[in-house]
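The residues making up each chain are set out below.
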Amino acid sequence: MRYDATREVMTIAPVIPVVVVPDAASGVAIARALVTGGIRVIEVTLRTAAGLAAIEAIAERVDGICVGAGTVWTPAQAQQAIDAGAEFMVSPGIADAVNAVAQSRDIAYLPGAQTVSEIAHLTRQGATATKLFPASVVGGPAAIKAFASVLPDVVFCPTGGITEDTAADYLALDCVPCVGGSWLVSADAVEAADWGAIRAAAERACLLGDR
């Protein structure tokens, strides 16, 4: 696994959209709206049966976007996501077996953690970046400051409960190059095929990088 590649993914945009797709066609439309709005990265979760098909369709049909797979828990899911075209993978928590696949396939991987002990476990495996989930529940920016004080070489992608209004509080921290957010792609916008609303949300999200 290329730990430097994981950090590179985290610098593509101030917000990594965390997306649940109902079908592959919607995934492509969402990805195109995000790119038009200036966000060139997307995390398609494997929470629905359409996740893998959407990753494959985005990888094949949408130029200029880095597509990743989220909610990856098992080695089988990891292999399938990579074969579908995922350029990075994300787990909500520690998933050592997924980490092993990421290393063997040389793909960027962002494992999740909630505690100092969990983050320390990841660093012993060589990781220098983690997804803090659910960020708003485990203490928000104050918790990240505390974690960073004893783990100064780790960067964080807080996800979970973060909104357009609170994202800047996280991004103000030097150890937070990006946040994960589902607000950019709301279920209502997807159901209504309101790609303009997603584009507008992406445009606003880009401004969060001017901090």
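See the structure above.
Residues numbered from 1 in each chain as written. Predicted model: local features only at pLDDT ≥ 70, side-chain atom pairs only at ≥ 80, totals over all residues. Heavy atoms only, no water.

(A) Structural detail: the environment of Asp83. Relative to the assigned elements, Asp83 resides in helix α4 (residues 75–84). With relative accessibility at 58%, the residue Asp83 sits in the exposed group. As for Asp83 and Glu56, which are separated by 27 residues in sequence, their C-alpha atoms are 8.4 Å apart. (Helix = DSSP H or I, 4+ residues; strand = E, 2+ residues; numbered from the N terminus. Buried < 20%, exposed > 50% of the residue type's maximum accessible area, 1.4 Å probe, protein only.)

(B) Examining the layout of surface pockets more closely. Quantified by volume, the largest pocket comes out at close to 160 Å³. Lining the largest pocket are 14 residues, and of these Val18, Arg47, Thr159, Gly181 and Ser182 lie nearest its centre. Looking at the lining of the largest pocket, the elements that each hand over two or more residues are β1 (15–19) and β9 (179–181). (1 Å grid on protein atoms, 1.4 Å probe; cavity = no way out; pocket = protein on both sides within 12 Å on 5 of 7 lines; lining within 4 Å. Points joined across faces, edges and corners; volume = space filled by probe spheres on them.)

(C) Quick look at the pairing of β1. With five of five residues buried, β1 is to be regarded as a mostly interior element. Covered by surrounding structure in β1 are Val15, Pro17 and Val19 together with Ile16 and Val18, the residues of both alternating faces. Examined bridge by bridge, β1 and β9 share three bridges and lie parallel to one another. If you follow Pro17 over to β9, its bridge partner there is Gly181. Pairing between β1 and strand β2 (residues 41–45): two bridges, direction parallel. When the sheet's bridge partners are listed, Val18 is paired in β2 with Glu43. With respect to chirality, the unit in which β1 leads through helix α2 (residues 24–36) into the neighbouring parallel β2 is right-handed. (Pairing = 2+ DSSP bridges. Right-handed = clockwise from strand over helix to strand, strands pointing away.)

(D) Region of interest: the pairing of β2. The buried fraction of β2 amounts to five of the five residues, a majority that puts the element mostly inside the structure. Pairing geometry for β2 and strand β3 (residues 66–70), over five bridges, is parallel. By the bridge assignment for β3, Thr45 is matched with Gly70. Following the backbone out of β2, through helix α3 (residues 51–61) and into the adjacent parallel β3, one traces a crossover that is right-handed.

(E) Layout of the state of the cysteines. Counting across every chain of the model gives zero disulfides. Considering cysteine sulfurs only, Cys178 is the nearest to Cys157, which forms no disulfide, with 3.7 Å between them. Owing to a relative accessible area of 3%, Cys157 belongs among the buried residues under this scheme. (Disulfide = S-S within 2.5 Å.)

Take it as geometry only, folks, not as evidence of what the structure does.
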